[in-house]
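# Report on the structure
Residues per chain, in single letters:
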Amino acid sequence: MKDTFLDIACIFDSSFARDYAESILVDNPYVKIDITGLLDKSLIENSEVLKDNELLMNDLIRQMGRQIARDEDEQPGNRCRLCDAKDACYVLENKTGTAAIEVISFNMSEITQNVRVCHSAFSNMCNLRILKVYCDNIGGYGFKVSIPNGLDSYLSNKLRYFRWDLYPSKSLPSKFNPENLVELALRGSHLENLWNYKVQSLPMLRRIDLSYSKFLTQLPDLSRSPNLERLNLEGCTSLVEVLSPIQNLDKLAYLNLNGCTKLKNLKDTSRSTGYLDFILHGGIKNLLKNICQPSLTFQAHIPQKFQVNLTCLILSGTAIEEADPSIGYLPGLVQLDMSYCTRLKSLPTSICNLKSLEMLSLAFCSKLEKLPPLPSTLLHLGLYCCESLKSLSELPSLCFSLSANYCKTLEKISTWRAPLLHNMKIINFNFFCGHIDFYGCEKLDQNTRNSILVDRAVLKILFRMKFGMTGPNSHDFRYPGDEIPKWFNYQTCGTSIKIMLCPNWNNANFLGLAFCIVLDQNKTDPNISLCIDCKLNFRTMDDDHLHEYHDSRALLERKVSSDHLLMWYVAKLALQRSEKMVGLNWPSTCRTEASFHVLPCYYDCRALRYVKNLGSEYGQIKKFGIRFVYMADTERFDAETKSGNIRHYDEYCESSGSEAKRKNKSYFDEYCGFHGEEDVEWHPTVKSKRLKV
């Protein structure tokens with residue numbers, strides 16, 4: 001256990017994944033048992049805020065472990081572990097390393113002068129398992145670690161983890177046998193070729209990271225790396241071919257080619273049976289054309305290779321003009337990013353076949369004119385600055401995150417049906433915390449503004465309140481308009497509202513407060529940020545005690561020529577946790593006078609301070625509305641939703657006949673709430689918790 005403890009203390013500066021640590025330390029047959037023992041003794045701990053598999057070591061315990069490693073011997077070359085930059089550099093410069101050394105790990109940001117590594121520095125380190133020379137930023141530091149004469153032919157065959165950021169040589173030592181290597185990471189290296197010899201076998205290799213190795217022109221044959229899972233080649237701007245070396249890598253799960261600008265195409269990419277993650281920002285201009293061209297018999301070909309394996313396809317910034325219909329034959333696709341595809345004009349109707357798709361990003365697709373029907377599983381839709389988009393057909397009911405800012409030609413949304421709130425049992429999606437934003441969409445018709453968007457705004461507020469989501473410190477919903485929706489039952493043409501509340505107004509059924517303003521923003525300044533300041537005062541009448549709550553909401557700056565509505569909410573939990581609300585009874589047993597005030601607030605980015613009294617031309621609040629939200633509001637909303645959906649269903653069946661009614665029974669069940677005794681379970685992705693609808 002002591003060896004595993006010291007390895008972890010010397011190798012990891014921050015949190016680490018348990019299975020990752022086990023993979024590079026597994027030559028110790030007891031490492032899994034040791035990690036469990038370290039957890040039991042609280043020498044490491046499970047992270048409460050990171051992923052389930054993440055472990056942490058307290059900084060003081062890490063320092064203790066590193067001190068134990070330093071105290072092993074006065075001479076650094078005789079120690080088992082070198083984790084001090086000064087000691088490690090002394091050994092590498094002066095060739096004082098011995099067979100005792102198993103671990104070298106240091107941060108180059110800690111060196112105080114240039115280091116010239118001796119060409120035979122590793123010749124006596126026959127037991128070296130871990131070599132980690134790293135930096136926080138591969139952009140470089142003032143002091144460098146160089147190998148003026150190159151390394152000789154020797155590196156320990158026991159090496160399992162080899163990381164050397166800014167590796168200064170053109171290739172690895174000619175006789176290095178990486179048969180035990182699990183991970184090779186040479187970020188920002190000077191490599192031209194990984195190795196200049198034929199490697200017989202790499203049975204243990206799982207991960208390669210050669211990102212930003214701008215001189216790398218080709219990869220070696222990696223076909224003898226049957227367990228390779230991740231290959232990161234981001235920023236390898238001289239790389240001209242990647243396909244041949246990675247053929248038949250059945251376990252390849254991640255391929256990052258972002259910024260590989262000299263790659264010609266990705267024809268017949270990946271034979272993997274694991275999911276393949278494409279990250280191709282800007283470099284591959286004809287990816288879909290090459291993958292999806294009919295001559296490749298894509299429809300029959302892709303299911304055999306990908307099945308549900310391709311989960312993330314990122315084509316951001318490519319020159320794609322249209323996506324082939326064959327893209328619909330990727331049933332496991334969860335994320336599709338085609339943002340900044342400025343030539344893209346349309347998507348195929350087959351996209352509705354992507355039954356696992358949760359996120360679709362089309363931001364800055366300036367020539368995109370319309371969208372086909374989208375999969376019902378979609379949670380997030382990004383349409384920021386799609387300046388040619390004119391209409392949206394039926395939007396998925398679970399799409400609770402939609403950014404359509406500055407879609408200047410967008411005129412209407414056909415339908416955007418709501419799910420029933422009472423059927424949503426368990427939910428924990430990041431997308432449900434996102435905004436719905438139509439800021440700058442000034443051509444939206446009245447039906448879209450006054451009906452569809454209002455209903456969706458109310459649904460989102462009720463949904464998040466019901467599940468106790470406190471909300472981000474910004475707007476939750478924005479769209480053009482000059483009328484406060486009737487749902488906000490307290491309204492004024494000014495900026496202040498005063499209400500006399502009955503006893504028990506904040507009882508167990510109280511969910512929170514919803515706010516809406518009409519904002520006239522006339523003048524903008526890139527150096528001035530506009531916020532909405534909201535002050536809430538509750539004065540209990542029996543003891544004349546004042547309870548205060550202050551809330552501020554950010555508004556991104558940009559000039560628009562029409563009034564806009566901004567909506568947000570303050571959940572009950574946020575009110576209860578406020579220090580200045582301490583002393584207010586929940587529920588309150590007496591009458592309470594509530595007053596609410598909103599005003600624009602400005603932040604000067606140059607002076608780094610808040611500024612008052614800039615004048616109404618920077619932003620004027622014309623109308624203000626409030627609603628006290630209770631559980632009864634969710635029930636009322638569900639009843640209205642159910643009634644509307646049944647009416648829509650009946651109208652559709654009357655026009656389409658009984659056959660349509662039979663085929664659309666699933667629609668009736670989903671939107672009208674008739675599930676029988678049991679709830680229907682829907683499983684989005686492994687990373688998402690279960691949602692019952």
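All of these numbers come straight from a predicted model, not from anything done at the bench.

### Observations regarding the overall build of the protein
The helix and strand inventory of the protein stands at twelve helices and 34 strands. Looking at the protein residue by residue over its 693 residues, the buried ones come to 52%. Within the protein, contacts between residues at least 6 apart in sequence are counted, and of these 60% link residues at least 24 apart.

### Description of the sheet that holds strand β3 (residues 54–56)
Pairing is antiparallel in the open sheet, where three strands are placed in the order β1-β3-β2. Of all strands in the sheet, those bounded by a partner on one side alone are β1 (16–17) and β2 (45–46). In terms of strand pairing, β2 meets β3 through two bridges, oriented antiparallel. Paired with E45 across the two strands is L56, which belongs to β3.

### A few points about the packing of aromatic side chains
The final tally for this structure, using the stated rule, is 26 aromatic pairs. On the basis of an interplanar angle of 90 degrees and a centroid distance of 6.3 Å, the ring pair of F162 and Y167 is categorised as edge-to-face. Each member of the pair, F162 as well as Y167, carries the same accessibility label: buried. Note on Y384 and Y406: the rings are 5.7 Å apart at their centroids and 85 degrees apart in plane angle, and the pair reads as edge-to-face. One end of the pair, Y384, is in the loop between β18 (380–382) and β19 (391–392); the other, Y406, is in the loop between β20 (401–403) and β21 (412–413), with 22 residues separating them in the sequence. A network of ring pairs unites the aromatic residues Y490, W505, F510, F515, F538, W568, W586, F596, F624, F628 and Y630 as a single cluster. The residue whose ring lies beneath R456 is F400, and the NZ or CZ to ring-centre distance is 5.2 Å. Against the face of Y439 rests R478, its NZ or CZ located 4.0 Å from the ring centre.

### Side note on the pattern of salt bridges
Under the definition given, this model contains 21 salt bridges. Between E102 and R129 there is a salt bridge, and its shortest N-O distance comes to 2.9 Å. Residue E102 is found in the loop between α5 (85–94) and β5 (103–107), and its partner R129 is found in the loop between β6 (115–116) and β7 (130–134); the two are separated by 27 residues along the sequence. Judged by its relative accessible area of 7%, R129 falls in the buried class. Between E183 and R207 there is a salt bridge whose closest N-O contact spans 2.8 Å. Taken together, the residues span a long stretch of sequence, with E183 in strand β10 (residues 183–185) and R207 in strand β11 (residues 207–209) at a distance of 24 residues.

### Regarding unusual backbone geometry
Note: most peptide bonds trans; most residues except glycine with negative phi. Here W586 and P587 are connected by a cis peptide whose omega angle stands at 5 degrees. Even without glycine at this site, C385 takes up a positive phi of about 60 degrees. Examined against the element boundaries, C385 turns out to sit in the loop between β18 and β19. By relative accessible area, which is 6% here, C385 ends up buried.

### Some details on α5
Those residues of α5 that sit buried are A85, D87, A88, C89, V91 and L92. Here the buried face of α5 lies against α4 (59–70), β4 (81–82), β5 and β6. With a side-chain oxygen lying 3.1 Å from the backbone nitrogen of K86, the N-terminal cap of α5 falls on D84. A positive backbone phi angle near 55 degrees is found at K95, which sits one or two residues after α5.

### Some thoughts on helix α1 (residues 2–11)
Of all ten residues that make up α1, eight are buried, and the element is covered over most of its length. Along α1, the residues that are buried comprise T4, F5, L6, D7, I8, A9, C10 and I11.

### Digging into the environment of L25
By secondary structure assignment, the location of L25 is in helix α2 (residues 18–25). The class for L25 is buried, based on a relative accessible area of 2%. When the C-alpha positions of L25 and Y161 are compared, they lie 8.8 Å apart, and in sequence the two are 136 residues distant.

What counts, and at which threshold
Residues numbered from 1 in each chain as written. Predicted model: local features only at pLDDT ≥ 70, side-chain atom pairs only at ≥ 80, totals over all residues. Heavy atoms only, no water. Helix = DSSP H or I, 4+ residues; strand = E, 2+ residues; numbered from the N terminus. Buried < 20%, exposed > 50% of the residue type's maximum accessible area, 1.4 Å probe, protein only. Contact = heavy atoms within 4.5 Å. Pairing = 2+ DSSP bridges. Phe/Tyr/Trp six-rings, centres within 6.5 Å; stacked < 30°, edge-to-face > 60°. Lys NZ or Arg CZ within 6 Å of the ring centre and 35° of its normal. Salt bridge = Lys/Arg side-chain N within 4 Å of Asp/Glu carboxyl O. Polar contact = N/O pair within 3.5 Å; in protein donor to acceptor, adjacent residues only side chain to side chain.

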